[in-house]
Every structure is written in structure tokens, then in C-alpha cells.
Amino acid sequence: MRLGSGGRRPDGGSAVAESPVAAGGRGLWARLSGSYLMEREGVLGGALLLPAVLYLVAVVGYPLVLSFLYAFSDVTTGSQALHLVGLQTFERAIRDPVFLQALRNTFVFTAVSQALVIVLSTALAFVLNADFRGKWFVRMIVLMPWATPVAISSVVWLWMLDSIFSPFDWFARVFGLLGPGDHIVFLGRSGLAMASVIGLQTWRVLPLATVILMAGLSAIPRDLTEAAEVDGAGFWRRLFEITAPLLAPVMMVALLFGIVFTFTDMAVVFVLTGGGPGNATQVLASWAFYKGINGGNLSVGAADALFMFPVLLGLAAIMLRFASRAEVG
Amino acid sequence: MAVVETRGLRKRFGDTVAVDGIDLLTGEGEYLVLLGPSGCGKTTLLRLIAGLESPSEGDVLIGGRAVTSLPPRARRIAMVFQSYALYPHKSVSRNIAFPLAAAGVPKDEWRQRIHWAASLLGIEHLLDRKPRELSGGERQRVALARAMVREPEVFLLDEPLSNLDAKLRATARDELKQFQQRIGTTTVYVTHDQTEAMGLGERIAVLEHGRIQQIGSPREIYEDPANAFVATFVGAPPMNLLQRNGMLVGFRPEHFLPESAAGGRAGLQRLSFKVGRVEYLGSDRYVYGRVPEVDPEAKVVAKLPSTVPDVVPSGETVPFVVPLDALRFFDRDTGVRKPPPPGPIA
């Protein structure tokens, strides 16, 4: 709403205080603020959202559209002409026996690591919410994996799980579980390699889940657990009847985050095993990367990656529902 | 039913002493109120009795049994929290059933006992609701029902009325009293509200700095305060205290009346009251001023009922009287109650 060109801005700014004659020389900002445009919620909201929207369109929206286009075409890094071939590319992707293995591995990788994360993070959150000496130090150590770049932590783990120099081998030898000269060879056997990949992912996601659950725990009023204590409930009854149900929505949030992070993750597999031995630890994300980028078959790579899409869409919908419910509560 | 006893109970939090050596003994089925300003240690004392805090020194006995080292659930007590602490994810009937489940009461008894507790508090129609669907007063009743359902030996109530609005508080206070008289369980009730304390308590323990300043019936607390703290904490407006010859002379505002309204009774102390401001409050008028002949520094309040004619113009000095037997004397330095000195005070 414009109150006439002589109107003063509420903040006492001088931009609009000049006479109408001088108004012709005013800058855009002065004119915008003079008309109180930025104080209209619709305009200001839009302006503040714009950078985020542009960013998302550029780095998420555009690549997503592109990958849909590629998946329905036969484009390769060699020939970038876009021939739409319908569902042929998807068919080719599924026919590859490695695809099915990668699909299965992705679910195993996600399910096992997140099951571990949710149990361990709940226990950790309880411990870290309690009062004890040196709590800050333990908290820091627990949160460390989250703050460490995956490239560094993966390399560290690469050495930890090295076929010859692994410290775990050394411990196993000290405790007589391993004969002299023997090695566990974590990354060279399919079962152990999968376990290693799952272990590292659990280690990576654990801190985030723990922090989320700690926040959830500290949001439960102490009165409630104390009331339960006075009402006669022991530790386990308090845990299962009071704390756990109240923590459940937060637990769900932590779990959904972890699933999304893990389902789409290729960093751990890429650094630790490269999908091997054979394709024993190949997951959809790493497989799409190897096929599409390393192998140059952009269309099949895109099709492989798009198989994650419906799962992620479903998870996103659930997350949003939880988020809005949390607001109401 | 059981008595609650504390012996030399002390609780330190770091450098601060929240409860400083409290010896307390309730009667059987008694309604004992712990009254004091915030930070006086009354809630900590209640939590020590409940077992939610462990004492630095001393013992807690319930029904003659030392429970100091026992967890809350082994003490056969029930507590109502200031926030009511209803379990938000459970329905009202599930909330009330919780102590039964915890005590291992067989499931087929639950229904009958839930209905017994609910009917006593008039909340049978709310049994299927969730706590968030209840009003403040209803929540308080659910909390009480949950507390009484397993028939504890002692009730501990921590400011259960402070979350209710003022209008509701008066009726809730009345209901609380009737409720306790009906079930006759020993009750320890914490409040900072003296009206609640006076109305509910058979005896009141006034606390300050983690110590019991006085314990007695509401009448004793009000009429014979043991020290200057109790005299000024209980009563609104508080007792007037004036310095005189190394002593504090105290009298209640309602005992301080214009001489013309006293009707020439004997045994009156005459004091010249320099009137400052008059506050009209409907049933009463508060008259603020000073008595320069006794203590020119001290502010003095007179509480005149509306039945006393309006004879106190501001700015003038008016003859007032106070009955000699209404005067209380305290040591100026320690605040401890003293016998009346011989001779007049002015």
C-alpha cells in the first residue's frame, strides 16, 4: 500500500522522505521499500524462498528430469543423440543379473544397518542423557564419525580392514582365534565384505540418529518418568510403557533419515569394496554409477538409479506426514 | 494409613543446602501442608519423602518403617505432580490402570477399581479420553484418581492447584478437602499459597531456607507466629512490624483500627497513625501510613472492614488503637518471638 510519495518508512529511513521532485532519481530498493512491497507476506515469502528454489531446481530438479529422459533413451557417453526408446532401457537394466543382486544388496545393506542403528542409537541416547563424569568427552567421541568426511573415515576403515595389516587380525591372533600367518581378509570374502560395509555405514549414521534420539529423550518431561516411578513401575516398565511410546515418533524420524541416507549411499561401497568381491557388495547407487559413468552407458545407469525413485518417494511422503504431525503435536 | 516421619533430613545440591535438617512427624490420616516461598525447600522435602531424591543425611520413615534406601515404588506412596504428569499417550482409564499394572493387580480387578476411583472423583464419563482432550480441572481429577487407585498409605501433593485458574481453584480446594476427609489417607501437601494452606491444612509447616520455621494449626500459625518470618509470610497484608527498644513490635492490619471505631474498650494501645494512601477494595480498605512515635521508618498497613466509617483522610494524623493482647514481640536481630515487655510501647 502506498501512502503517497512523502510517506516515511517505518524505520525512519530517509529514502522516501524527499520531495516528489527528487523521487525520479531513486534506486530500485528505495522504490520497493517506499511501496512497502517487501512487507507483504506473499512477496517477502517468495523472495526469501527464491534462492532455495533456484538451487533445488538446478542441482536436483534438472538432473532428475535429465535422468528420466536418459532412462527412456539409449544415450551413451559416446553418442549423445537422444533417441527415445520407451521401456527398452529398463528391460536391459533388469536383464543384467548384477542388477538383481544390487537390488537385493541395497535392501539388505539398508535394513540391517538401520536396524543396528536404531537399537544402538537408542541405547547410546539413554547413556548420554544420563549424568556422569566426562560426559562431554564421550559425547564428542560418539559424534566424531558424523563430523569426519566420508573419504577420510573410509580410508581409515580401509586400513582397519586391510587384508594383511588389519588390527583386528592382530587382536584375533593375540586371543588365539587366529593362527600365526592367517588373516581374516574382511573385504575379500563376500559375507565378510557385506558385513564390513554394513558395519561402516552403521558407524557413520549412528551419531545422527543418536543426536535425534537424545533431543527426543530430553523433550520427554521428567515428571512423566518420575510419576511412573512413584506409580510403582520399574526400569523396564518405564522404558516400554512410558519412554518408548513417547520416543516413537522421534525414533521414526531418525529411522527415516537413516534409511534415506543409506538407501541412496554409494560412498561406503565405492571406497571400501568397489562393489566386490565380484558384485557381492554392489548396491543400486554404486551399480548405477559404475554402469552409467564408468561404463559410459548413461541410459542404463539412469534406469538403474531410477529404480530407487519409488522407494524414496514413498519414504519422503511418510517423512512429510510425520513432520506435519510433529508440528501439530 | 501411615504416618510420615523425617529425622534430621538434609539435602545438598552442590554448595546449596535445599533441606537443612528437618524433623517432621505427621499424625495418622493427617492433612499436613508444607508452606513457604519458592526456593524454601518444600518441594525438595516432598521429593525426599517420595524417594525421587536421596537425602545427603537423615532418614525418612513411612508407617514406622525406614524407607530411606528404598526406591519410590517400594514406599507405598502416591504423588500428584504440579503438572499432573498424565501419560499423554494413554487414555484416562489406562492412566488410572497404570499403578495397578505396576503393582501386579490381576486384570479382572482393574475395571472395578478404575470405576471406584473414577466415580469418587466424578470422571467416569472421561475414561476413554486422552489427557490432551481434558480441561485443567479434569486433568487434576484424573491425576488424583491415578494416585488413589491402588490405595496408597500416603498422598504427596505438589502444588496440585497452581495450574488451575483462580475461579476453579476455590472449588477444587473444597473438593480436595472433602475428598481427603472421605478417604482419610495421610496427606502431605506442598504449596506457596497461604489461602490454600489455611483452608486445607490440619497443621501447617512453614518452611524457609530449608528449615521448618513453625509447625502448628492454621490458627496457631496466624495468631502466634514463632518468628518474624512466619509473621510476615502468613497473612495478607502481612503483620506490621515496628522497631522499638531492640525489639520488633508486631500487630495484624485488621487489629489496627481508628479509635472512634473501637468503642472505648479497655486494654487498648493508642497510636497516632499518619495516613498516606487509602486503597478501596470493596469489602475492605487498606490504609497505608506510618506510626512516627514508635518507628518513623516502618510502613504500617491498617485493614478496615467496610463496616468501619470512613474517618481516615490522607495526609492527616489520626488516633488509632490496637488491642494490647494483639501485640506480638520479636527479637530485632534473630526474629525469634519474645514475651511482651512491661510498660506501654508508645
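Because the structure is a prediction, the values reported are computed rather than measured.

Let us look at the overall build of chain B. If you tally the helices and strands in chain B, you get 9 helices and 19 strands. The dimensions of chain B, computed from C-alpha atoms along their principal axes, are 75 × 45 × 35 Å. Across the 346 residues that make up chain B, the buried fraction comes to 40%. Within chain B, counting contacts between residues at least 6 apart in sequence, those at least 24 apart form 64% of the total.

Attention now goes to the interface of chain B and chain A. On the chain A side, the residues contacting the 16 residues of chain B number 15 residues. Elements supplying a minimum of two residues to the side of chain B that touches chain A: β6 (77–80) and α2 (92–102) of chain B. Of the residues contributing to the side of chain B that touches chain A, the split by class is 13 nonpolar, 2 polar and 1 charged.

Another aspect to go through is helix α13 (residues 298–306) of chain A. Taking burial as the measure, the 9 residues of α13 of chain A include 9 buried ones, the bulk of the element. Those residues of α13 of chain A lying buried are Leu298, Ser299, Val300, Gly301, Ala302, Ala303, Asp304, Ala305 and Leu306 of chain A.

Attention shifts here to the domain arrangement of chain B. Entries for chain B in the domain assignment read domain 1 (4–223) and domain 2 (239–338). The distance between the C-alpha centroids of domain 1 of chain B and domain 2 of chain B comes to 39 Å.

Counting residues in hydrophobic clusters, the biggest one holds 111 residues, and the most contacted among them are Leu34, Ala145 and Leu156 of chain B. What Leu34 of chain B contacts, discounting residues up to four positions off in sequence, is Lys42, Leu45, Leu46, Val188, Tyr189, Val190, Ala205 and Leu207 of chain B. The next biggest cluster of nonpolar side chains, apart from the first, holds 31 residues, and it includes Phe99, Val197, Ile198 and Val283 of chain A.

The next point concerns the pairing of strand β7 (residues 154–158) of chain B. Residue and element names in this part refer to chain B. Of all 5 residues in β7, 5 are buried, a share of seventy percent or more. Of the two faces of β7, both are covered, the one formed by Val154, Leu156 and Asp158 as well as the one formed by Phe155 and Leu157. At this point the chain moves from β7, through helix α5 (residues 166–183), to the parallel strand β8 (residues 186–191), and the crossover so formed is right-handed.

Residue and element names in this part refer to chain B. For the peptide bond that leads from Ala236 to Pro237, omega is -5°, which places it in the cis range. Among the structural elements, Pro237 can be located in the loop between α8 (228–233) and β11 (240–244). Residue Glu151 is not a glycine yet carries a positive backbone phi of 50°. On the secondary structure map, Glu151 appears in the loop between α4 (136–148) and β7.

Definitions and limits used
Residues numbered from 1 in each chain as written. Chains lettered and ligands numbered in written order. Predicted model: local features only at pLDDT ≥ 70, side-chain atom pairs only at ≥ 80, totals over all residues. Helix = DSSP H or I, 4+ residues; strand = E, 2+ residues; numbered from the N terminus. Buried ≥ 20, exposed ≤ 12 C-beta atoms within 10 Å, placed from the backbone. Contact = placed C-beta atoms within 7 Å. Nonpolar A, V, L, I, M, F, W, Y, C, P; charged D, E, K, R; others polar. Domains from an automatic or database assignment. Core = buried A, V, L, I, M, F, W, Y, C linked by C-beta atoms within 7 Å. Right-handed = clockwise from strand over helix to strand, strands pointing away.

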